[in-house]
Amino acid sequence: MFERVKLKQIKDHIWLMNDNDEATGYLVVGSQKAVIIDTMNGYENVKEIAETLTSLPLIVVNTHGHPDHIYGNIYFDEVFIHPDDMALAQHFYQEPLFTEAIEQMKLKPAAFRPILSGEMINLGEIELEVYGVPGHTPGGICLLDRRDRILFTGDSIIEQTWMQLEESMPMEVFLHSLDALKGIRGEYDFILTGHSRDIEDASLYEDHRNAVKEVYEGKNEGDISYEWFGGTSKAHPYGIEPRRIVYK
Ligand SMILES: [Zn+2]
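Residues numbered from 1 in each chain as written. Predicted model: local features only at pLDDT ≥ 70, side-chain atom pairs only at ≥ 80, totals over all residues. Heavy atoms only, no water.

**Side note on the packing of aromatic side chains**
With the rule as written, the count across this model stands at eight aromatic pairs. Ring centres of tyrosine 93 and phenylalanine 98 lie 6.0 Å apart, and the angle between their planes is 20°; on these two criteria the pair is classed as stacked. Tyrosine 93 gets classed as buried once you look at its relative accessible area, which sits at 5%. For phenylalanine 98, a relative accessible area of 7% translates into the label buried. Cluster of aromatic residues (ring-pair linked, three or more members): Tyr71, Tyr93, Phe98 and Phe112. Over the aromatic face of tyrosine 188 sits the side chain of arginine 185, whose NZ or CZ is 5.3 Å from the ring centroid. (Phe/Tyr/Trp six-rings, centres within 6.5 Å; stacked < 30°, edge-to-face > 60°. Buried < 20%, exposed > 50% of the residue type's maximum accessible area, 1.4 Å probe, protein only. Lys NZ or Arg CZ within 6 Å of the ring centre and 35° of its normal.)

**Points about unusual backbone geometry**
A cis geometry characterises the amide bond from glutamate 241 onward to proline 242, with omega recorded as 0°. A positive phi is found at methionine 40, a non-glycine position, where the angle reads about 65°. For methionine 40, a relative accessible area of 2% translates into the label buried. Phi is positive for arginine 149, which is not a glycine, with a value near 55°. Within the element layout of this structure, arginine 149 appears in the loop between strand 10 (141-145) and strand 11 (150-154). Judged by its relative accessible area of 30%, arginine 149 is partly exposed. (Helix = DSSP H or I, 4+ residues; strand = E, 2+ residues; numbered from the N terminus.)

**Things to note about the sheet that holds strand 16 (residues 231-237)**
A sheet is described by the order of its strands in space; here four strands give the open sequence 12-17-16-15, paired in mixed fashion. Lying at the two open borders of the sheet, with one neighbouring strand each, are strand 12 (160-162) and strand 15 (224-228). Taken over all neighbouring pairs, the strand axes of this sheet differ in orientation by 30° on average, direction set aside. On the sheet, helix 6 (residues 204-216) packs against strand 12, strand 16 and strand 17 (244-247) and is oriented at approximately 35° with respect to strand 17. (Pairing = 2+ DSSP bridges. Axes fitted to C-alpha atoms, helices over the stretch in contact; angles between N-to-C directions. Contact = heavy atoms within 4.5 Å.)

**A short note on the coordination of the zinc ion**
Between any two of four tetrahedral donors, the ideal angle at the metal is 109.5 degrees; between two of six octahedral donors, it is 90 or 180 degrees. Those protein atoms acting as donors to the zinc ion are His64 (NE2), His66 (ND1), His136 (NE2) and Asp155 (OD), and they sit at 2.2 to 2.3 Å. Angles of 88 to 167° at the metal separate the four donor atoms of the zinc ion, which places the site in the irregular class. All donors of the zinc ion belong to a single chain; written as a sequence motif, their spacing is H-x1-H-x69-H-x18-D. Here the residue histidine 64 occupies a position in the loop between strand 5 (58-61) and helix 2 (67-70), and histidine 136 occupies one in the loop between strand 9 (126-132) and strand 10, the gap between them amounting to 72 residues. In this structure histidine 64 comes out as buried when scored by relative accessible area, which is 2%. (Donors = N, O, S within 2.8 Å, 3.2 Å for Na, K, Ca; no water. Tetrahedral: all angles 85-135°; square planar, octahedral: opposite > 155°, others 65-115°.)

Keep in mind that these numbers describe shape and distance, not what the molecule does.
Put into structure tokens, the structure is as follows:
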């Protein structure tokens, strides 16, 4: 039925939605509500996909404002995002290729509603707590599911973090954001990122945080040049390939 989005069940009530290996969203089902974390590229109807798995009311959250996390918002009326990424997301809502495509589909993107650090998304029996992680973008968030001991990290804690973008924060700010998460490290064993294909070990947090610290401190001996659609940047490899922090 769906060609791009492949489902992988992580737990009896948690599904990973892999959008053609280009983006990953999640469905977490509680006893009263379910949440979609990131809506991916929008080619396929993520609302219909979720409704094959649950009939509970859906809450939708974007971990940050990049296109591969928000374009599926066209299938919803309202979506939560951190206020500091609203302008960025609105900017991507105005991309001509996107506006032309959704005009043909006779759809319009969801209105944004603010969600702040410290807020709880209550699904009944499962609660997700919001943690702001300015870095990759100003308003990136992580979501902690204490019951399942999982941290949903978007593009904030991920094998390859892009910090070279115009909207990315200074490395010092990102390091500070990651260090602010130290206090919850005992509360999760697994990480699910905005591009995961399977559940990942929580040790990614330490490895990633230490790599960001090395970049911040200018330990760049093994760094390599990194080509991307915006030009050439630098990359700081860490751990096993293809882990790297990309920076200006
Ligand atoms: Zn991103």
